[in-house]
Amino acid sequence: MQGACRPMVADSTENYLGFETDLQDLELGYLLQRADRRLEVHAIFISNDMRLNSWFDPSWRKRMLLTLKSNKYKTNMVHMLLGISLQVCLTKNSTLEPALTLYINPFGGSHSESWYIPVNEIGFPDWKATKLDLPFECYNWTLTLGNKWKTFFETIHIYLRSRIKTQDGANDSVYYEPAEMTDPAQSLGYMKINSIQVFGYSMHFDPEAIRDLILQLDYPYTQGSQDTAILQLLEIRDRVNRLSPPGQQKMDLFACLLRHRLKLTPSEVVRIFASLQAFTARLPNSVDYETTKLCS
């Protein structure tokens, strides 16, 4: 109607970055429960502390990581994490079990640009151990995120410590270190990780199309195309940050996407954020949100 004000709504962002899967919660839960290989994302295993399918002394913390190297192999994809499962074996009569800590790096970068998975905290899922019918004491240790807790990932940092088994299950804080091993009744034994499976899916990502949006912040194609580009970037930012980890404040995953998948400099990211902030400040009833910085 002539003279009427209509709110500006961004066009679909699917051409720039995919977000959704066709799988519903029940179907997804069923496939994850079965460890269906159709949900498996193949990642590269790296560790200086141990090798897969080889016995090792679990005395000290072991560090390993799983990475996708998307900038080298999958430049047109971003990846969503739905769960992870490790098949861990111990020699018979061992009194230890694995205690796993995970950090997630959403789009690449250094370890300091990863966030800690708060397992069994603030409603977050816990590890589930399933006994396997194998010659040794072998279990599948599985953490299922599902649709509720899914998140972007490029690299998963895994820290493995050993935890003394207790009869009452209250073993969250009873960790083993060699200096503490004074009870001859305790049997350390050996441990090995047969395999690690990462469950999730990959989504369409067009870095050149997003760079084209960013270019229009300074060099708009036509009158009004700058506002359209900003609306698109705001929509991408909000949808990316919506998948940030649980906490009082959202984490700025969008800045990580710009830094590590579009390879922008810190000053370029600051300039983009300033343009977005200036635009939202002009909108009526606009309320922007604070984020926790993750990437430099």
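One can find the structure itself at the top, above this paragraph.
The rules behind these values
Residues numbered from 1 in each chain as written. Predicted model: local features only at pLDDT ≥ 70, side-chain atom pairs only at ≥ 80, totals over all residues. Heavy atoms only, no water. Phe/Tyr/Trp six-rings, centres within 6.5 Å; stacked < 30°, edge-to-face > 60°. Helix = DSSP H or I, 4+ residues; strand = E, 2+ residues; numbered from the N terminus. Buried < 20%, exposed > 50% of the residue type's maximum accessible area, 1.4 Å probe, protein only. Lys NZ or Arg CZ within 6 Å of the ring centre and 35° of its normal. Polar contact = N/O pair within 3.5 Å; in protein donor to acceptor, adjacent residues only side chain to side chain. Contact = heavy atoms within 4.5 Å. Arc of directions from axis to C-beta. Pairing = 2+ DSSP bridges. Disulfide = S-S within 2.5 Å. Core = buried A, V, L, I, M, F, W, Y, C linked by side-chain atoms within 4.5 Å. Salt bridge = Lys/Arg side-chain N within 4 Å of Asp/Glu carboxyl O.

Caption draft 1: Focus on the packing of aromatic side chains. Applying the stated criterion to the full structure yields six aromatic pairs. Plain terms: the ring middles of Trp 55 and Phe 136 are 4.9 Å apart, the flat faces sit at 70 degrees to each other, and that makes the pair edge-to-face. Of the two residues, Trp 55 is situated in the loop between strand E1 (44-46) and strand E2 (62-67) and Phe 136 in the loop between strand E6 (128-131) and strand E7 (137-144); the sequence distance between them amounts to 81 residues. Residue classification places Phe 136 among the partly exposed positions, given a relative accessible area of 34%. Aromatic rings pair up to connect Tyr 103, Tyr 116 and Tyr 159 into one cluster. Just above the ring of Tyr 139 sits the side chain of Lys 131; from NZ or CZ to the centre is 5.7 Å.

Caption draft 2: Inspection of unusual backbone geometry at higher detail. Look at Asn 120: it is not a glycine, yet its phi comes out positive at around 60 degrees. When you line up the elements, Asn 120 lands in the loop between strand E5 (115-116) and E6. What makes Asn 120 partly exposed here is its relative accessible area of 48%. Of note, the phi angle at Lys 263 is positive, near 60 degrees, even though the residue is not glycine.

Caption draft 3: Here's a closer look at the side chain of Glu 113. The residue Glu 113 is located in the loop between strand E4 (96-105) and E5 in this model. From its side chain, Glu 113 meets the backbone nitrogen of Ser 110 in a polar contact 2.9 Å long. With residues near it in sequence (within four places) discarded, Glu 113 still touches Ile 104, Asn 105, Pro 106, Gly 108, His 260, Leu 294, Cys 295 and Ser 296.

Caption draft 4: Seen up close, helix H4 (residues 207-215). What H4 keeps buried is the set Pro 207, Ala 209, Ile 210, Leu 213 and Ile 214. The buried residues of H4 occupy an angular sector of 165 degrees when projected down its axis, which confines them to one face. On the buried face of H4, the contacting elements are helix H5 (225-241), helix H6 (253-260) and helix H7 (266-282). Two or three places before Glu 208, at the opening of H4, Asp 206 has a side-chain oxygen 3.3 Å from that residue's backbone nitrogen.

Caption draft 5: Inspection of the pairing of E2 at higher detail. Across the six residues of E2, five count as buried, placing the element largely inside the fold. Where E1 meets E2, three bridges bridge the pair, whose relative direction is antiparallel. The residue of E2 that forms the bridge with Phe 45 is Leu 66. Direction of pairing for E2 relative to strand E9 (residues 155-164): antiparallel, over a ladder of six bridges. Bridge pairing in E9 places Lys 62 opposite Leu 160.

Caption draft 6: Seen up close, the state of the cysteines. Considering all chains together, one arrives at two disulfides under this definition. The side chain of Cys 89 participates in a disulfide bridge whose partner is Cys 138; the two sulfur atoms lie 1.9 Å from each other. Torsion about the S-S bond of the Cys 89 and Cys 138 cystine: about 110 degrees, corresponding to right-handed handedness. Taken together, the residues Cys 89 in strand E3 (residues 77-90) and Cys 138 in strand E7 connect sequence positions 49 residues apart. Given the relative accessible area of 1%, Cys 89 is considered buried. Residue classification places Cys 138 among the buried residues on the basis of a relative accessible area of 1%. Through a disulfide, Cys 256 is tied to Cys 295; the S-S separation comes to 2.0 Å. What sets the handedness of the Cys 256 and Cys 295 disulfide is the S-S torsion sign, and at about 105 degrees it is right-handed. Highlighted residues: Cys 256 in helix H6 and Cys 295 in the segment after strand E12 (291-292), separated in sequence by 39 residues. Judged by relative accessible area, Cys 295 falls into the buried class, the value being 9%.

Caption draft 7: Geometry of the nonpolar core. One finds Ile 84, Trp 127, Phe 152, Ile 156, Ile 158, Ile 193 and Val 240 to be the most contacted residues of the largest nonpolar core, which totals 74 residues. Ranked by residue count, the leading element in this core is E3, at eight residues.

Caption draft 8: Spotlight on the pattern of salt bridges. Considering all chains together, one arrives at seven salt bridges under this definition. Across the pair Glu 40 and Arg 37 runs a salt bridge, and its minimum N-O distance is 2.7 Å. Judged by relative accessible area, which is 61%, Arg 37 ranks as exposed. Between Asp 227 and Arg 282 there is a salt bridge whose closest N-O contact spans 3.9 Å. Of this pair, Asp 227 sits in helix H5 while Arg 282 sits in helix H7, and the two are 55 residues apart along the sequence. You can call Arg 282 exposed: its relative accessible area is 57%.

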